[in-house]
Amino acid sequence: MSRQVVQVVDLIVSRIQEGEIQGHRRVATLRGLRADHRVSRETAVQIMLKLTSSGWAYTVPYRGTFAVPVHLWPTRSPYGVSRGTRLDLNGVGTIQELESRLAEHLGFTE
């Protein structure tokens with residue numbers, strides 16, 4: 001992973017931790033990452049993938065990538081992010097359903 005990806009991911013994670021980006025709010029767009037950080041499209045995609053694979057964000061297809069709420073942060077999970085599984089948000093209609101699926105994906109026991 002490139003140093004540039006790590007730097008931008010660290011910046012976004014710190015913005016989430018400091019409350020600048022609230023839970024369930026968009027973390028960034030590919031276009032925004034490209035403009036703000038002067039990165040290629042491929043690098044912007046890597047940034048988003050790292051945010052989601054590390055448990056700091058989740059992606060809703062055709063909607064965007066959003067911050068995980070504080071009570072589901074990966075630093076609070078006893079197990080960390082479920083590896084090798086893709087977060088399935090099909091049929092989610094409420095925030096409660098969304099958070100339930102996020103909790104399961106992030107390794108929280110219910």
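Keep in mind the model is a prediction, meaning the values are calculated, not measured. (Residues numbered from 1 in each chain as written. Predicted model: local features only at pLDDT ≥ 70, side-chain atom pairs only at ≥ 80, totals over all residues. Heavy atoms only, no water.)

Undergrad: Help me understand the packing of helix α1 (residues 3-17) against helix α3 (residues 41-53), please; the structure alone is not making it clear to me.
TA: It is at 9 Å that the axes of α1 and α3 come closest, and there the two elements cross at 50°. Between α1 and α3, the crossing angle belongs to the class labelled oblique. Two packed elements cross with a definite hand, and for α1 against α3 that hand is right-handed. Taken together, the residues of α3 that come into contact with α1 (itself represented by Gln4, Val5, Val8, Val9, Ile12 and Val13) are Thr43, Gln46, Ile47, Lys50 and Leu51. In terms of residue class, the contact of α1 with α3 is made up of seven nonpolar, three polar and one charged. (Axes fitted to C-alpha atoms, helices over the stretch in contact; angles between N-to-C directions. Helix = DSSP H or I, 4+ residues; strand = E, 2+ residues; numbered from the N terminus. Parallel < 35°, antiparallel > 145°, perpendicular 65-115°, else oblique. Left-handed = near helix turned anticlockwise from the far one by under 90°. Contact = heavy atoms within 4.5 Å. Nonpolar A, V, L, I, M, F, W, Y, C, P; charged D, E, K, R; others polar.)

Undergrad: Help me understand the packing of helix α2 (residues 30-37) against α3, please; the structure alone is not making it clear to me.
TA: Where α2 contacts α3, the two axes come as close as 9 Å, and the packing angle between them is 115°. It follows from the interaxial angle that α2 and α3 lie roughly perpendicular. As for how α2 packs across α3, the hand of that crossing is right-handed. Between α2, through Leu30, Leu33 and Arg34, and α3, the contact on the second element is made entirely by Arg41, Ala44, Val45, Ile47 and Met48. In terms of residue class, the contact of α2 with α3 is built from six nonpolar, no polar and two charged.

Undergrad: Just to check I follow, could you spell out the nonpolar core for this structure?
TA: Grouped burial of nonpolar side chains is what soluble globular proteins tend to show. Counting residues in hydrophobic clusters, the biggest one holds 29 residues, and the most contacted among them are Ile12, Ile16, Val27, Leu33, Ile47 and Leu51. Of all the elements in the fold, those that place two or more residues in this core are α1, β1 (26-28), α3, β2 (57-60), β3 (64-67) and α4 (95-106). Considering each element in turn, this core owes the most residues, six residues, to α1. Once residues within four sequence positions are removed from consideration, Ile12 is found in contact with Ile21, Val27, Leu33, Ile47 and Leu51. (Core = buried A, V, L, I, M, F, W, Y, C linked by side-chain atoms within 4.5 Å. Buried < 20%, exposed > 50% of the residue type's maximum accessible area, 1.4 Å probe, protein only.)

Undergrad: Can you walk me through the packing of aromatic side chains in this structure?
TA: Inspection of every chain in the model, using the stated rule, returns two aromatic pairs. Note on Trp56 and Trp73: the rings are 5.3 Å apart at their centroids and 55° apart in plane angle, and the pair reads as tilted. One end of the pair, Trp56, is in the loop between α3 and β2; the other, Trp73, is in the loop between β3 and α4, and 17 residues separate them in sequence. In this pair, the class of Trp56 matches that of Trp73, namely buried. (Phe/Tyr/Trp six-rings, centres within 6.5 Å; stacked < 30°, edge-to-face > 60°.)

In short, the description is geometric, and any link to function would need to be established separately.
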